[in-house]
Each structure stands twice: as C-alpha cells, then as structure tokens.
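This is what each chain is made of:
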Amino acid sequence: MKKFFDTLNALPKIFWVFTAAVLVAEIVAFALRPDEPGLYTHNIQIVPFAIALPFLLFKSIRSKFTRWIYTYGVIAFAFLALDYATADYNGAGHAGLIQLALTFLPPCLYWLTLFLRWNYFRFKEQDSRTALILSIFAWGLYAFAFPPMPLGPAALLLLVPWFMVMNRYGRQQAIFATFWSGILYNSINYYWIYNVMHVDAAPSGLILLGLFLLISYFSAYNVLAAYVYTLAKEVSIKGKKLLFWIFPLFYAGLEMTRTRGDFSFPWSHLGYAFGNHLELLQALPWIGIFGYTILIVASNQIVAYSFEQRSFQNATGILQKIRSIAPHLCVPIAIFITLLVQGSIVLSSPEAAPFYNAEKEENPSIALVQPSIEQGMKWSKDRFDSIVNKTLNMAIDSIDDNVNLIVLAETAIPDYIKRQPSVSHRLQVLANRKNAYILTGALDYKKNKPGSIRKYDIYNAAFLFSPATQGYQRYIKKHLVPFSERIPFDDIFPILNYVDLGEGDFVPGTETPVYPPYDWTPYICYDAIFGDLVREAAREGSRLMVNITNDGWFGKSTAPYQHLNLVRYRAIENAMPVARMANSGISSFIDQYGHYDMNTQIYTDAVIQRKVPLKTKDTLYTKIGDFVETSLLWFFLFYFIICFVTNKVNKKIKAKA
C-alpha cells in the first residue's frame, strides 16, 4: 500500500490536471445526458476525449502513454456504468453510443497496437518462426481429421509437433505459434459461416467482422491451453511433474467450458475426429466425448515427450531414432487397437446389427421430408405459398399410408404460425388423412405487458399436430446460436435488447418434452449436440431423438457433415436413436449404435421413410455424464489456479535465492 501511495505522490502535476479536466468533462456530459431508454446518441460525450487528447503534447504524459489511456478509460467507464445504473427504464437502463465507443475503442486500439508490435518481434526470432511452422503443421492437419475429412485416426499423432513446440520453446514463442496456428485451424473448421453473407441476414461487412472475431475467440482457447501447459511443465510437486501429466484432463475441462453459458458453441472438440469410423466410437457410452479428447491429448503429449528424451536426442542415424521412439509409439497404437477391438466386439453382437428389430410393432414408421429450399428465398413473402405447397405436396405424394410420424424441417413454415391459420389447418388435415403425427418447425411469439422491454417474446419452435385432435403442442429451442439468434447476456443486461445486429432476437425455451405414444423428444438445430439435453430427455424416459434443422445457411460446405457427426456422437453416447430432418440435407436415420441409413445428399429434394427401432438400453455415460462434465469444469478451474499460483510462488523463491 505504501508503494502505491508513493507512486501517486511521484506523479507530475500535469497528470493531476489531466485527470481533473477529464473528470469535470465527464461530470458535465453525465449531467446533460438525455432522458430516453436504450442506446442513444449525445454529441457532448465527445468532449471528455477531446479534452484528453491535447495533454499528449506534454512529454511527461506522452512518455507514460499507458497511464494516460488507462486513466481516461477508467474514468469514462465509471460514468458509463453510472449512467446505465441510475437510469432505470423498466429495468433496461440506458447508455450513450458515443460514450460506449470512446470508452472501449481507445484501449482496444492500443491493445491491438501492442499485439501487432509483439507479433512483429516474435516473427523476427528464428525460434518463433520454427515454432509457428510446427504448430501450423499440427493444427492445420488436425482440421482435416473431422468428418467428412479423412484424417480421423491420425488425430492420435497429429498434435505431436504442437506439443514439441511447447516442450522446446519459451512461453512467448509457444503462445505466438499457437495463436496463429489456431487461427488457421478454426478458419478451416468454421469458414462456412461466411456463407451467411449470401443470405442477406445482416450486413456482409458485419458478418465478416463477426466471423473474424469468432475465429479469434476460439483461437484464444488454444492459447489458454498453451499458456497453462507451459506453466504446468515448470511446476514440480515433491519433485514430480504431476500437473504436467494430468494436462489432458485440463484440456477436456477447457472444452467443457464451451458447452455452458450464453457463448456456448461445442462444435469442434478434439474427440469428434473419429466420426468416420464407427468401430472407434463404441467406447462413447462409457467415457463420452470428453474421454476421447483426453485419450487424444494424452497420446500426442506422450509421443512429443519422447522426442525430448536423451535416447532420441543422442541417436545419430534415422534407424536409431526410429528405434528410440518406437516404445513411445506404443501409446497411440495401443489406444487405437483397444478402441478398434472393443468397438468390433460391440458391433459383432446380434443386437448391434444395423437397425436391429426395426420391424417390431412398437417401433414407429417415420418419414422425413427434405424440400431443399434455398435459404436466400426461404423468407421471401412472395414465395411463401410455393414453399409451403412444395413441402406439403412432397409429404402427400411420397409418404406411405402406414406412416406414424411425418417430420418437416426447422422453420418449414417460414412465418409465425399464429399468422398462418390456413397452413395449420392443412397440417391438421394431413395428420388426419395419414393418421400420423406431424412435427414441423415455425416461429411463434407471445405479446408482453405494456411497458416491457420486449414488446414480444419470439420463439424458434417446433409444433406437433396429432391426428383426430385439434390444436398443437409446442417445443421451443433451448440453445440459441450466439449473435445469430440472440445477443448473449441480454437477460443480465436488458439494454442489449435494444441492440440490432440482424440477429433473430429469440427467447430460449425451458422444457424438454417427451411425447407419447413412442416416447420421443424433439430437438431443434444444434440443441441435439448438447449432451446434457439428451441425458435429460433419457432420464425422463425418452427413447428417440427427432432432430429438425436447417443447415441451408451454410451452403455447400463441410458444415452439414460436421453437424451430422456431432448428432451421431450423441446417439451412441446415450444409445438414443435419431431421426434427423435437415431442410437442405443431410437428413438421416441413426440407430443406437450409430449406424446410418438412407442419408440424403445436400441440396436435393428427398423423402425418406423407415421404421426406427427405439432405445432398448441405458448407458453408463447417460447416468454419470452430468457428474463427469461438472467435475471437469471444476477441475479446469482448480488446475488453472494451482498452476498459476504455484508458478508465481516458485518464481519468488528463485528470486530470493
């Protein structure tokens, strides 16, 4: 504390003048703020920043630019928060757009400058360039391990060069190499989001900026993993590198953080790499997706560690080097053979035959109607009638009369269902005519009380029409895509409801229904990739997943194949068969062991129908998955804290010594 006050006393007088001038300007701007809800524009809020700029002419302030920008930023943020907290408009508060921009843009630009400068000096280093090449090789190839790409089994070795980087080079070099290789890896994984620009959902420039920020955000996960690894390798507990060897558990916990909260997007976990090989997936009911991630990370880490051993480093010839590393290759080979043998044994049993006992009377006959409506024309009012007619006519003309459930795509009715009573009537007539249930996607809304922040609550929903029964049952999508369907944290900061980035502005659902008579549960879009939702339905007695989606947003890309792979993992993990209906493909049936049947091509009109066997067994992971995944989250937190604190303590001890 004394050191802090000594620092304050040492500040030049001009700095205190600068602080006082900015403070007075902010007080004046605050006092003159307009009386209106939400986000407003008030030009006087430019004044504090305009007053702050001339002080940079003083050498004593310019030489301490960091102090200048942080002082200004803290004052500006304090008044921004005060403005938001003291102006209560039905709980939403308000904030000035100019104040927002001038609070966050200056430090962000400053940090960007520091980041570019840091990269410049890293790139000038030979070690950093070598580390970057190795990391790009590792993560670039790993991006081609996910279906439909072919490198899946190689995942047990593909990240070895990345671990070598973290073992051999310093923390700065490792972070530098990891970030840029992460950019490449995530660009290959998520390039298809670019196709949203062709749908006119939002300004193209905004979508492109959002894609860059998304890729950078996911790359930050890679960086955090590298940072913690470099901490863990330096920590010894009673002479043993315990934290180093349990790093794979930390990495699984890091992936788990992507499945919770408003930013949740659990798309490219490392364990999804085996999706092209059904035999390798049969351990999912026991260890789940995060067990696969742990195996993959452990395999790569152990092999990379072997390169650092003296037996390898001292080997002179190529054959000697191969002999020295051969024992360590036993780990990935053993993991691969174990998964392969275990999966082959499981799939060799009579009950694991594809769609075993599907013809049993209790099993429903399900029809999936894939109309392949292009996303660019899906929401055209002029084409509404032709779109609905095409979908319903395909159902009428191509579905057998013995069908039990007809499934249409997400937003197959591209409007609010309450505004289309005639379409609801046609669906009811079709249900009666076929004596079948009909599940279709559409929008819905609820009008709120006068004075509410939201005039309407809007839902991305699915509606179930039953034969010989008027009306419908409704399921509301629970996990909304961040920034596409909802601004994250708009329930915590209601003012975000005034932000319009072209997103859907939906409200999430809260219920996971189980519909009779076949005990099945609907899932909309990527609801079906969240393991906790599938386990919740299984505990409620659900025996079948019916997933409706619309991957037409992403064009002819790898996205539909990746999405299907994730749903297949959930099916095997929970022994939960799936009927998956995608507007533009891939529609498919999946049994409880993960066998595909009748997969459609993307962007083709198709109606597929078959009897689907219901769930006949429970899995261990269904029972313990919630506990495992919550434990991984806590482990992630404690591991990070222990690594960070222990590293700091060791540095202090070394400094004193």
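It should be emphasised that the depicted structure is a prediction, and the values quoted were computed from it without experimental measurement. (Residues numbered from 1 in each chain as written. Predicted model: local features only at pLDDT ≥ 70, side-chain atom pairs only at ≥ 80, totals over all residues. Heavy atoms only, no water.)

Chemist: Explain the overall build of the chain here, please?
Modeler: In terms of regular secondary structure, the chain is built from 22 helices and 13 strands. Expressed as a percentage of its 657 residues, the buried residues of the chain come to 53%. Once local pairs closer than 6 in sequence are excluded, the contacts in the chain between residues at least 24 apart make up 73%. Of the side-chain charges in the chain, 59 are positive and 48 negative, and the distance between the mean point of each set is 13 Å. (Helix = DSSP H or I, 4+ residues; strand = E, 2+ residues; numbered from the N terminus. Buried < 20%, exposed > 50% of the residue type's maximum accessible area, 1.4 Å probe, protein only. Contact = heavy atoms within 4.5 Å. Lys, Arg positive; Asp, Glu negative; His and termini not counted. Charge placed at Lys NZ, Arg CZ, Asp CG, Glu CD.)

Chemist: Looking at this model, I keep getting lost on the sheet that holds strand β11 (residues 588-590). Mind explaining?
Modeler: Where strands meet in a sheet, backbone hydrogen bonds hold them as pairs that are either parallel or antiparallel. Here we have 5 strands laid out as an open sheet, ordered β8-β9-β10-β11-β12, and mixed in their pairing. The sheet is open, and its two edges are formed by β8 (520-524) and β12 (596-597), each paired on a single side. As paired elements, β8 and strand β9 (residues 544-549) share 5 bridges and run parallel to each other. By the bridge assignment, W520 is partnered in β9 with L544. (Pairing = 2+ DSSP bridges.)

Chemist: What exactly am I supposed to notice about the nonpolar core here?
Modeler: The nonpolar side chains of soluble globular proteins are, as a tendency, buried together. Counting residues in hydrophobic clusters, the biggest one holds 156 residues, and the most contacted among them are Y142 and F274. Leaving out residues up to four positions away in the same chain, Y142 has contacts with A155, L158, L159, Y185, L270, A273 and I296. Counting residues in hydrophobic clusters, the runner-up holds 19 residues, among them F15, F49, I61 and F79. (Core = buried A, V, L, I, M, F, W, Y, C linked by side-chain atoms within 4.5 Å.)

Chemist: Got a minute to help me understand the packing of aromatic side chains in this structure?
Modeler: What describes a pair of aromatic rings is the distance from one ring centre to the other and the angle between the planes of the rings. Scanning the entire structure with this criterion turns up 57 aromatic pairs. Look at F244 and W245: their rings are 4.8 Å apart centre to centre, the planes differ by 85°, and that puts the pair in the edge-to-face class. Aromatic pair Y445 and Y456: ring centres 5.5 Å apart, planes at 90°, arrangement edge-to-face. With a gap of 11 residues between them, Y445 in strand β5 (residues 437-447) and Y456 in strand β6 (residues 456-465) connect regions that are remote in the sequence. (Phe/Tyr/Trp six-rings, centres within 6.5 Å; stacked < 30°, edge-to-face > 60°.)

Chemist: Just checking my understanding: could you explain helix α20 (residues 531-539) for this structure?
Modeler: Residues three or four positions apart in an α-helix share a direction because the helix packs 3.6 residues into each turn. Taken residue by residue, α20 has G531, L533, V534, R535, A537 and A538 as its buried positions. Directly after α20, the chain includes G541, whose backbone phi takes a positive value near 100°.

Chemist: Even after reading the chapter, I still don't get the layout of surface pockets, so can you show me in this structure?
Modeler: Where empty space is left can be seen by rolling a probe of water-molecule size over the atoms. If you add up the space inside the second largest pocket, you get close to 210 Å³. For the second largest pocket, the lining is made up of 17 residues, of which Y356, Q592, P613, L614 and T616 are closest to its centre. In terms of residue class, the lining of the second largest pocket is made up of 7 nonpolar, 4 polar and 6 charged. (1 Å grid on protein atoms, 1.4 Å probe; cavity = no way out; pocket = protein on both sides within 12 Å on 5 of 7 lines; lining within 4 Å. Points joined across faces, edges and corners; volume = space filled by probe spheres on them. Nonpolar A, V, L, I, M, F, W, Y, C, P; charged D, E, K, R; others polar.)

Chemist: I tried to follow unusual backbone geometry on my own but got confused; where do I start?
Modeler: In this structure, the amide linkage connecting P147 to the following residue, P148, adopts the cis form with an omega of 10°. Within the fold, P148 resides in the loop between α7 (126-142) and α8 (155-158). For the bond from P516 to P517, the omega torsion is 0°, close enough to zero to count as cis. Residue position: P517 is located in the loop between β7 (472-476) and β8. Unusually for a residue other than glycine, C525 sits at a positive phi of about 55°.

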